[in-house]
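Residues per chain are reported as follows:
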Amino acid sequence: MLFRSLLGLGALTAAPAQAAVAPSTTTLTLSTTSSAYGQTVTASAAVAVAPGPPSGDVVFAIDGLAYKANLGATGTASLVLPDAGVGTHAVTATFVPQDPTLQQGSTSAVQPWTVGRVRTRLQPRVQGKGLRVPTVLVVTASGEYGSVPGGDLRVGLRRNEI
């Protein structure tokens, strides 16, 4: 500045330095990309910020419906996905920084998650096989992974002639 003043060019003024926003990347993995209805599936997100550790939250979205998870000190977050209907669903993870002026948010690539039907188990039990006791057929239905079967059950009876 002294040199510029001696030359008559005036004093130098410096613009205030602006801190650069640290870029981030978010990577999403699913414990399985194909599951049966009711089967547990975990989504995990890994967030990397350069420089420094990421600070904020991760929002997982399943077909656009958002679920917030806390970002751990290691830069990871996990969520057990809620039950979703049979079909293919789009899952993403978005890093939401605590201070957007210091760290930049990012969204993972879309991961497809396919949910299939579960098997239903039928357990028939016959009661009252006597001549004067009415015969009753009791059928219990149960689904895998704690699911509750729905719908109609049709039973056909045939009489065997002796």
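One numbering rule holds for all chains: residues counted from 1, following each sequence as written. Selection of residues for local features in this predicted model requires a pLDDT of at least 70, selection of side-chain atom pairs for listing and counting requires 80 or more, and totals for whole chains, interfaces and linings are taken over all residues. To get the side-chain values, all heavy atoms of the structure are used, and hydrogens and water are removed first.

### Considering the sheet that holds strand β6 (residues 76-80)
Two strands qualify as a pair provided that DSSP identifies no fewer than 2 bridges between them. To qualify as a helix, a DSSP run of H or I must reach at least 4 residues; to qualify as a strand, a run of E must reach at least 2; elements of each kind are numbered from the N terminus. The strand order across the open sheet built from three strands is β1-β3-β6, with neighbouring strands paired in antiparallel fashion. Whereas interior strands pair on both sides, the edge strands pair on one side only; in this sheet they are β1 (24-30) and β6. Neighbour to neighbour, the strand axes of the sheet diverge by 15 degrees on average, direction disregarded. Bridging between strand β3 (residues 42-49) and β6 involves five bridges; their strand directions are antiparallel. When the bridges of β6 are listed, Ala43 appears paired with Leu79. Lines fitted to the C-alpha atoms define the axes, with helices restricted to the stretch that makes contact. Angles between their N-to-C directions range from 0 to 180 degrees.

### Some details on empty space enclosed by the protein
Points on a 1 Å grid over protein atoms alone make up a cavity when a 1.4 Å probe fits among them but cannot get out, and a pocket when they form an open set with protein on both sides within 12 Å along at least five of seven lines; lining residues each have an atom within 4 Å of a point. Grid points are joined across faces, edges and corners, and a volume is the space filled by probe spheres set on the points. Going through the model one piece at a time under the given rule, you end up with one cavity of 30 Å³ or more. By volume, the largest cavity is sized at about 40 Å³. What lines the largest cavity is Ser35, Ala36, Tyr37, Gly38, Gln39, Pro82, Asp83, Ala84, Trp113 and Val115. Put simply, the parts of the chain that give the lining of the largest cavity at least two residues each are β2 (34-36) and β9 (111-116). Under this grouping Gly is polar, as are all residues other than the nonpolar Ala, Val, Leu, Ile, Met, Phe, Trp, Tyr, Cys and Pro and the charged Asp, Glu, Lys and Arg. For the lining of the largest cavity, the class distribution of residues is six nonpolar, three polar and one charged.

### Considering the side chain of Ser106
The topology assignment puts Ser106 in strand β8 (residues 106-107). We define a polar contact as two N or O atoms separated by no more than 3.5 Å, with the added condition that, inside protein, one atom must be a possible hydrogen donor and the other a possible acceptor, whereas residues neighbouring each other in sequence contribute only through side-chain atom pairs. Looking at Ser106, its side chain comes within polar contact range of the side chain of Thr26, at 2.6 Å.

### Describing a nonpolar patch on the surface
By definition, no residue in a patch forms a salt bridge, and every one has over 30% relative accessible area; like charges are joined within 9 Å, nonpolar side chains (Val, Leu, Ile, Met, Phe, Trp, Tyr) within 5 Å. All accessible areas in this document rest on Shrake-Rupley with a 1.4 Å probe, and a residue is counted as covered only by the protein chains that are shown. A pairing counts as a salt bridge when a side-chain nitrogen of Lys or Arg comes within 4 Å of a carboxyl oxygen of Asp or Glu. On the surface, a nonpolar cluster with roughly 580 Å² of combined accessible area is contributed by Leu122, Val126, Leu137, Leu153, Val155 and Leu157. Residue position: Leu157 is located in the segment after β11 (136-143).

### Observations regarding the nonpolar core
If you look at the biggest cluster of nonpolar residues, it comprises 22 residues, and the most contacted ones within it are Leu28, Leu30, Val58, Phe60, Leu81, Val91 and Trp113. Every element with two or more residues in this core is listed here: β1, β3, β4 (56-62), β6, β7 (87-97) and β9. Examining the composition of this core, we find that four residues originate from one element, β3, more than from any other. Dropping the residues within four chain positions of it, Val58 is found in contact with Ala45, Val47, Tyr67, Lys68, Ala69, Leu71, Ala77, Ala93 and Thr94. Throughout this description, the term nonpolar core refers to a set of buried Ala, Val, Leu, Ile, Met, Phe, Trp, Tyr and Cys residues connected via side-chain atoms within 4.5 Å. Partly exposed residues are those whose accessible area sits between 20% and 50% of the maximum for their type, while under 20% is buried and over 50% is exposed, using a 1.4 Å probe and protein chains only. The criterion used for residue contact is that any of the two residues' heavy atoms lie within 4.5 Å.

### Let's talk about the pairing of β7
Here β4 runs beside β7; their pairing, made up of seven bridges, is antiparallel. Looking at β7, one finds that Gly56 is bridged to Pro97. Direction of pairing for β7 relative to β9: antiparallel, over a ladder of five bridges. Along β9, the bridge assignment pairs His89 with Trp113.

### Description of unusual backbone geometry
With an omega of 0 degrees, the peptide bond between Ala50 and Pro51 qualifies as cis. Mapped onto the secondary structure, Pro51 falls in the loop between β3 and β4. Here the phi dihedral of Asp63 falls at roughly 50 degrees; this positive angle occurs in a residue that is not glycine. On the secondary structure map, Asp63 appears in the loop between β4 and β5 (65-70).

### Observations concerning the confidence of the model for the protein
How sure the predictor is of each residue is captured by pLDDT, a score from 0 to 100. Of the residues in the protein, 88% reach a pLDDT of 70 or more, and the chain-wide mean stands at 86. Within the model, the stretch residues 1-7 combines pLDDT values under 50 with six contacts to residues more than four positions away or in other chains.

### Details of the pattern of salt bridges
Overall, the coordinates contain three salt bridges when judged by the stated rule. The shortest N-O distance in the salt bridge between Arg119 and Glu144 comes to 2.9 Å. Of this pair, Arg119 sits in the loop between β9 and β10 (120-127) while Glu144 sits in the segment after β11, and the two are 25 residues apart along the sequence. For Arg119, a relative accessible area of 53% translates into the label exposed. The exposure class of Glu144 is buried, given its relative accessible area of 16%. One salt bridge in this structure joins Arg121 and Glu144, with 3.5 Å as the shortest N-O distance. Taken together, the residues span a long stretch of sequence, with Arg121 in strand β10 and Glu144 in the segment after β11 at a distance of 23 residues.

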